[in-house]
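Here is what each chain is made of, one letter per residue.
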Amino acid sequence: FPVTIGGVGEQSYVAKLKGIASGLPIHFVGMQAPSDFYPTIDALIVPSLWHDPAPRVAFEAGIHGAVPIVSNRGGLPELVAFGKRGLIFNPDEETTLHDALNFINNERLAVEQFRTEWDLARSVFAPDAVARETLNVYKRAMGILRPEVS
């Protein structure tokens, strides 16, 4: 299956990757608008090694219809609802990523279920909702906004 790599990086590193990928079905497309990039891919691999608490790229992919395949680091497993909205792999065990890619390629009904789950979660993860909630966290911390009572 073809691989599309989006985004930018250090020029020498990207050049090295392009050299390694030469002759393979790997395409480097550079920086893309989410609405242009995500519809062109089935899944997005988020191979984080650092324990990032909430990488936007994972939920951004999900709300745009690409299934996130995330490492088991930081907040990534929680963002994919521990396997309900995407797949989780261990970056220390390369077979787990291979298994996840095979799953995406072979289990189309499961992929559609992941997309349905993201459709249901879209209101929580849409950029404007995330921005609003982030601002509210700061406002509550500063005492400008009172915590909601449940």
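Summary of the structure given here. Position labels on residues start from 1 in each chain and follow its written sequence. For this predicted model, a pLDDT threshold of at least 70 governs which residues receive local features, and a threshold of 80 or more governs which side-chain atom pairs are given and counted, while totals over whole chains, interfaces and linings are taken from all residues. Excluded from the side-chain calculation are hydrogens and water; included are all heavy atoms of the structure.

## Topic: the overall build of the chain
Scanning the chain for helices and strands turns up seven helices and five strands. For the chain, the spread of C-alpha atoms along the three principal axes comes to 60 × 40 × 30 Å. Under the scheme applied here, a residue whose accessible area is under 20% of the maximum for its type counts as buried, over 50% as exposed, and between as partly exposed, the area being computed with a 1.4 Å probe on protein chains only. Out of the 150 residues belonging to the chain, those deemed buried represent 29%. Using a 1.4 Å probe, the Shrake-Rupley method yields the accessible areas, and only the shown protein chains count as cover for residues. Taken as a whole, the chain presents about 9,800 Å² of accessible surface, with 57% of it coming from carbon and sulfur. Starting at the N terminus, helices and strands are each numbered in turn, a helix being any DSSP run of H or I of at least four residues and a strand any DSSP run of E of at least two.

## Looking at the packing of helix H6 (residues 108–125) against helix H7 (residues 127–141)
Each pair of packed helices gets described by two things: the angle between the helix axes and the distance between those axes. Helix axes use the C-alpha atoms of the stretch in contact, all axes being lines fitted to C-alpha atoms, and the angles between their N-to-C directions lie in the range 0 to 180 degrees. Between H6 and H7, the least distance of the axes is 6 Å, while the angle of their chain directions is 40°. Relative to H7, the element H6 lies oblique. Touching Ser123, Val124 and Phe125 of H6 are Pro127, Ala129 and Val130, all from H7. Of the residues assigned to the contact of H6 with H7, the class counts are five nonpolar, one polar and no charged. Orientation labels follow simple angle bins: below 35 degrees gives roughly parallel, above 145 gives roughly antiparallel, 65 to 115 gives roughly perpendicular, and whatever is left gives oblique. Residue contacts are defined here by distance: any two heavy atoms, one from each residue, within 4.5 Å place the two residues in contact. Each residue is assigned to one of three groups, with Ala, Val, Leu, Ile, Met, Phe, Trp, Tyr, Cys and Pro labelled nonpolar, Asp, Glu, Lys and Arg labelled charged, and all others, Gly among them, labelled polar.

## Examining the pattern of salt bridges
Oppositely charged side chains can pair when the atoms bearing their charge come close. Counted as salt bridges are all cases of a side-chain nitrogen of Lys or Arg within 4 Å of a carboxyl oxygen of Asp or Glu. Evaluation of the coordinates by the stated rule reveals eight salt bridges. With a shortest N-O distance of 4.0 Å, Arg115 and Asp42 are connected by a salt bridge. Note that Arg115 is positioned in helix H6 and Asp42 in the loop between helix H2 (34–37) and strand E3 (43–46), a separation of 73 residues in sequence. Judged by its relative accessible area of 18%, Arg115 falls in the buried class. On the basis of relative accessibility, which here comes to 42%, the residue Asp42 falls in the partly exposed class. With its nearest N and O atoms 2.7 Å apart, the salt bridge here joins Asp92 to Arg73. Taken as a pair, Asp92 in the loop between strand E5 (87–89) and helix H5 (94–106) and Arg73 in the loop between strand E4 (67–71) and helix H4 (76–79) lie far apart in primary sequence, 19 residues in all.

## Let's talk about the packing of aromatic side chains
Centres within 6.5 Å make a pair out of two Phe, Tyr or Trp rings, where for Trp the six-membered ring is used; the pair is then stacked when the planes are under 30 degrees apart, edge-to-face when over 60, and tilted otherwise. Per the stated rule, a full pass over the model turns up four aromatic pairs. Look at Phe59 and Phe125: their rings are 5.3 Å apart centre to centre, the planes differ by 35°, and that puts the pair in the tilted class. Of the two residues, Phe59 sits in helix H3 (residues 56–63) while Phe125 sits in helix H6, which places them 66 residues apart along the sequence. Here a set of aromatic residues connected by ring pairs shows up, and it is made of Phe59, Trp118 and Phe125.

Read these as geometric descriptors, not functional statements.
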